[in-house]
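Remarks on the overall topology
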Amino acid sequence: MSATSPIDHARIRELSDEQFHDAYGCDRFTASVIVNRLKYAVGHMSTAFLREAFSPIIRDWYDFACTISGPPEQDYRMAVVSNSLTPFLGTMPDAGRNAVEEFGPENLSPGDVLICNDPYRGGTHVNDVLFTRPVFVDGEIVSFVNMRAHQLDMGGTVPGGFSATKMNVFENGLVIPPMLLWSKDQPVRSAFSLIFDNTRWGAMLMPDFKSMHQQLQLGERLIRENIERYGLTAYLGTLTYACDTSAEKMREAIARIPDGDYTGRASVDADGLDDTVDYTVHVTLRKRGTLIEADLSGTSAQARTCINCGVLDAKTALGVALTMLLDPEIPFTSGTWRNIDLVAPPGTFLTAMPPEGAPMMFWESSGALIAAVFDALNPVLGAEGVGGDYGSTNTHNANGLRPDGTPWTSATQCGGEHGPWGATKEADGDSYTVLFNLNNLDPATETIEHDSPVVMLRKEHAIDTGGAGAHRGGAANLKDTLWLTDADHYLSPFRTKEPSGVGANGGQAGPTGAIWIFPPRDGGAPADLIGIGPDVYANSNPVAGVLNPQTKALDPDNGSYHYFASQKTWRTKAGSVLRCLTNGGGGWGSPFDRDPQKVLRDVRDEYVSVAGAARDYGVVVLGDPHNDPEGLRIDEQATAALRAAR
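What you see is a predicted model; the values in this text were computed from it and never measured.

Rules used in this analysis
- Residues numbered from 1 in each chain as written.
- Predicted model: local features only at pLDDT ≥ 70, side-chain atom pairs only at ≥ 80, totals over all residues.
- Heavy atoms only, no water.
- Helix = DSSP H or I, 4+ residues; strand = E, 2+ residues; numbered from the N terminus.
- Expected span 1.5 Å × (residues − 1).
- Buried < 20%, exposed > 50% of the residue type's maximum accessible area, 1.4 Å probe, protein only.
- Polar contact = N/O pair within 3.5 Å; in protein donor to acceptor, adjacent residues only side chain to side chain.
- 1 Å grid on protein atoms, 1.4 Å probe; cavity = no way out; pocket = protein on both sides within 12 Å on 5 of 7 lines; lining within 4 Å.
- Points joined across faces, edges and corners; volume = space filled by probe spheres on them.
- Nonpolar A, V, L, I, M, F, W, Y, C, P; charged D, E, K, R; others polar.
- Contact = heavy atoms within 4.5 Å.
- Pairing = 2+ DSSP bridges.
- Axes fitted to C-alpha atoms, helices over the stretch in contact; angles between N-to-C directions.
- Phe/Tyr/Trp six-rings, centres within 6.5 Å; stacked < 30°, edge-to-face > 60°.
- Salt bridge = Lys/Arg side-chain N within 4 Å of Asp/Glu carboxyl O.
- Disulfide = S-S within 2.5 Å.
- Parallel < 35°, antiparallel > 145°, perpendicular 65-115°, else oblique.
- Left-handed = near helix turned anticlockwise from the far one by under 90°.

The subject of this paragraph is helix α2 (residues 28–52). For α2, which comprises 25 residues, the first-to-last C-alpha distance of 37 Å matches the rise-based estimate of 36 Å (1.5 Å per residue) to within 8%. Taken together, the buried positions of α2 are Thr30, Ala31, Ile34, Val35, Leu38, Ala41, Val42, Met45, Ser46, Ala48 and Phe49. Residue Asp27 occupies the N-cap position of α2, its side-chain oxygen lying 3.0 Å from the main-chain nitrogen of Phe29.

Below you can see the structure in the form of C-alpha cells.
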C-alpha cells in the first residue's frame, strides 16, 4: 500500500468520485473492468495450460497458479490470482520479488523468463518452479506475469520427491537460483541442460515448459491490451485498488473479533526418521482493533527430515486460515496480509533453515498452522466457528516396472489426498475435497488406471466418520487400490494420532484415520475385495494409525501408534491392496440439536449407522438401511426419551 492510500482513513466505497480518481488514476467503473479483465487473463492462461499439460500432477491435480503483480515501484504487489493452488498464490508475490531483486530488475529485457525454485527464496518445495516474465512499456517494467507449476521430478533421492525421509537440501532435489530460462524469447541452453540433466522425466517437463512460455506471452499480451485501452496510469492504479480492496475486507473482518490474546496448537505425528519426536505448532494471536499479530514462539524446532516448511509458507497459511474463518470472500492478494503481523522465530519446522531444515511436505506443516489458528479462534468465534478438516493429504507416491520393463510412476493419486471439511453454521461439511490450504482437482479413476498398473477398487465415504453436530462434519474417504505389479511406495500420513477435524460451537471432532497394506493371497493371487468391518485387518501390514494390537483395526482409545516411515520404502508384491482412510471433518453445534429427519437421511445414505444415530444424535432409527433404505423410520417416542435422558 502506498503511504497515501485513502483506505487508511475511509472505506473505498465512501470515497467521492474525485477522491477515488486521485487515489487510483481512474473511475470506479474502469477499475472494476480492468480487474475483471485481468482475472480473465489469468483464467485464460490457466485453461490453456491445463488443456496442454503433459504432467499428470498438473493435468489432473491443477498443481499450478498464475498471477499478475506490479512493478518494483509498487513492491511487486500481487493484485490478481488464478483460481488454483493456494500455497502457490500466497508465496508468489514474495518469490517473484526475491527472484527479481536478486537477479536485478535492471538486467531484465523484454521477452525474458526468469525462473527460481529455491524454497527459502520463494516458498513451497523444489518441484515447484516459478516462471516470471516482465512486462515493459517504453523501456520500463510496469508489471510481471507469473506462473508456478509443480514439475513431476526435480532430482533428489526419491523419484517424484514426495517423501518425508530425505534428510537435507542435498537429498531433496535440484535447487535453481534466479536465472533466465528464456532470454528475449530465445531458450537459454545452459539452463535447460541444468534442469534436464537432473530430472527423471524430462519428456513430460519439456512440453510443459514450452506451454508455460506460451501462456506467459499470452498474459503479457492481454496486459498490454489493457494498458493500450485504458492507459498506464489507470492500469497501475487498478493494481493498487485490487490490493486495497482485499486489505479493507480483511481489516473489517479482523475488527469483528473481540480484542484479546488467543492461543492454539496442532501437532504432526512424527518426521521421517523415527517416531520419538512429535512436532507441535504453537500460535498466540494478539488482536487489537483492526490489527492481529500471530506469534509462533514455542513451535517445535525444525524437523530432522523434509517435513518442514519455510516462513513464506507459514505466512500463506496464516492468511488462508484467517480468510476461511473470518470472510471467505476476501480476494486473495498482497493486501490480504496488510493488517496481519507474523512473529516467526527462525529454525522451527514452520520456519526451517538450510541445509538440514529441508522443506518438501510443506503443506502438511503449514496446514498444522491453519489448524492451530482454528483451535485458537473457534472458542471466541462461537457460532461463527468452523470445524476442522481431515488434516493430512496422506500423500502416496509409487513407482515400478511394467512386465515389459518400462518404468511407471504414480504421484498423489492413490493415497488419502482428498477428504472432508468441517461443518459451519450454514451446513454440513463437504465430504470430498482438499485441505483448507490447497485448491486443486481430483484425478479421474480412468486417468489413474491408464497411467499406472493399478485398479481403483473402492473410493467411498466411510460410515460414522463425520464429526457429530447440529451440522455434521464431512465423512472420511476410504480408498482401496489394487497394484498389478511389484511396487515401491512412499507413504506420508502425518496426523493420525489425534483428530484434526476438531469440532466448532459444541460439535464433536471427526475420528482419526489410518493406512494399511493387504498382501496378496497365498500363491500370489490378488487380494479379494476387502470388507469394511473391524475383523478384516488381522492379516494386513499397518502403515499408520492408532490401531488395536490384535485386530489391527482402528482403536484410538486403547490402540498403539504405527509409524508411517517404519519402512522408508514400502515394497509390495503384485496383487497387494493399499487402503487409505482419511480423518473425518469436525461437526458444528450440539449433535442433539440436529434435525432428526437429517439424521434419518444420513442413516439412509450410510453416512451414519443405526447405532451411531442413537449414540451420537439421540435418534432411534428403525429398519435396515442396507436392504431397505426407503423403509427406514424414526421411533419418535424412543428418540424423545433418549434425548431427554441426555
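Taken as a whole and judged by the stated rule, the model has six cavities of 30 Å³ or more. Of the volumes computed, that of the largest cavity is approximately 140 Å³. Lining the largest cavity are 16 residues, and of these Trp61, Asp63, Phe162, Trp363 and Leu438 sit closest to its centre. Here the lining of the largest cavity is built from residues that sort into eight nonpolar, five polar and three charged. In this structure, the second largest cavity encloses a volume near 90 Å³. As for the second largest cavity, its lining consists of 13 residues, and the residues nearest its centre are Gly367, Ile370, Ala371, Asp389 and Phe436.

Attention now moves to the environment of Thr412. Assignment of secondary structure puts Thr412 in the loop between β13 (407–411) and α12 (445–451). What makes Thr412 buried here is its relative accessible area of 4%. Separated by 190 residues in sequence, Thr412 and Leu222 place their C-alpha atoms 34 Å apart. Not counting residues within four places of it along the chain, the set of residues in contact with Thr412 comprises Ile57, Trp61, Phe162, Thr395, His396, Asn397 and Glu417.

On to the sheet that holds β13. Across the sheet, which stays open at both edges, the four strands sit in the order β13-β12-β16-β20 with antiparallel pairing between neighbours. Each of the sheet's edge strands pairs with one partner strand only, and the pair in question is β13 and β20 (570–572). Shown here is a sheet whose adjacent strand axes are inclined to one another by a mean of 20°, direction ignored. Judged from the five bridges that link them, strand β12 (residues 395–401) and strand β16 (residues 487–492) form a sheet pairing that is antiparallel. Looking across to β16, one finds that Ala398 is bridged to His489.

According to the stated counting rule, one finds 22 aromatic pairs in the structure shown. Summarising the aromatic geometry, the rings of Phe20 and Tyr241 are spaced 5.4 Å apart at their centres and angled 65° between planes, so their arrangement reads as edge-to-face. Of this pair, Phe20 sits in helix α1 (residues 17–24) while Tyr241 sits in helix α9 (residues 232–255); the two residues are 221 residues apart in sequence, bridging distant segments of the chain. When its relative accessible area of 1% is taken as the criterion, Phe20 is described as buried. On the numbers, 5.4 Å between centres and 75° between planes, the contact of Phe131 with Phe209 is edge-to-face. Of this pair, Phe131 sits in strand β4 (residues 128–137) while Phe209 sits in helix α8 (residues 202–230), and the two are 78 residues apart along the sequence. Each of the two residues, Phe131 as well as Phe209, counts as buried. Three or more aromatic residues joined by ring pairs form one cluster here, namely Phe131, Trp182, Phe192, Phe196 and Phe209.

Ordered by their spatial adjacency, seven strands build an open sheet running β2-β1-β5-β4-β3-β6-β7, and the pairing between neighbours is antiparallel. With partners counted over all chains shown, the strands left at the sheet margins are β2 (78–81) and β7 (186–187), one partner each. The pairing of strand β6 (residues 179–183) with β7 spans two bridges and is antiparallel. Paired with Ser183 across the two strands is Gln186, which belongs to β7. Seen against the sheet, helix α4 (residues 86–103) touches β1 (64–69), β2, β3 (113–116), β4, β5 (140–150) and β6 and runs at an angle of roughly 125° to β5.

Oppositely charged side chains can form a pair if their charged atoms are brought close together. Taken as a whole, this structure holds 41 salt bridges when the rule is applied. Across the salt bridge formed by Glu220 and Arg133, the nearest N and O atoms sit 2.7 Å from each other. Note that Glu220 is positioned in helix α8 and Arg133 in strand β4, a separation of 87 residues in sequence. Judged by its relative accessible area of 9%, Glu220 falls in the buried class. When salt bridges that share partners are traced, they join Asp75, Asp94, Arg97 and Lys315 into one network.

According to the stated counting rule, one finds zero disulfides in the structure shown. You can see Cys243 has no disulfide; the closest cysteine sulfur is in Cys26, sitting 14 Å from it. Free of any disulfide, Cys414 has its nearest cysteine sulfur in Cys580, 8.4 Å distant. Classification of Cys414 as buried rests on a relative accessible area of 0%.

This part is about the pairing of β6. The pairing of β3 with β6 spans three bridges and is classified as antiparallel. Of the residues in β6, the one forming a bridge with Ile115 is Met179. Counting the residues in the hairpin turn of β6 and β7 gives two residues, including Lys184, whose phi is positive at 50°.

Put simply, α2 and α8 touch, their axes get as near as 9 Å, and they point 165° apart. With respect to α8, the element α2 is oriented roughly antiparallel. α8 is crossed by α2, and the crossing has right-handed handedness. Grouping the amino acids of the contact of α2 with α8 by side-chain chemistry returns 14 nonpolar, six polar and five charged.

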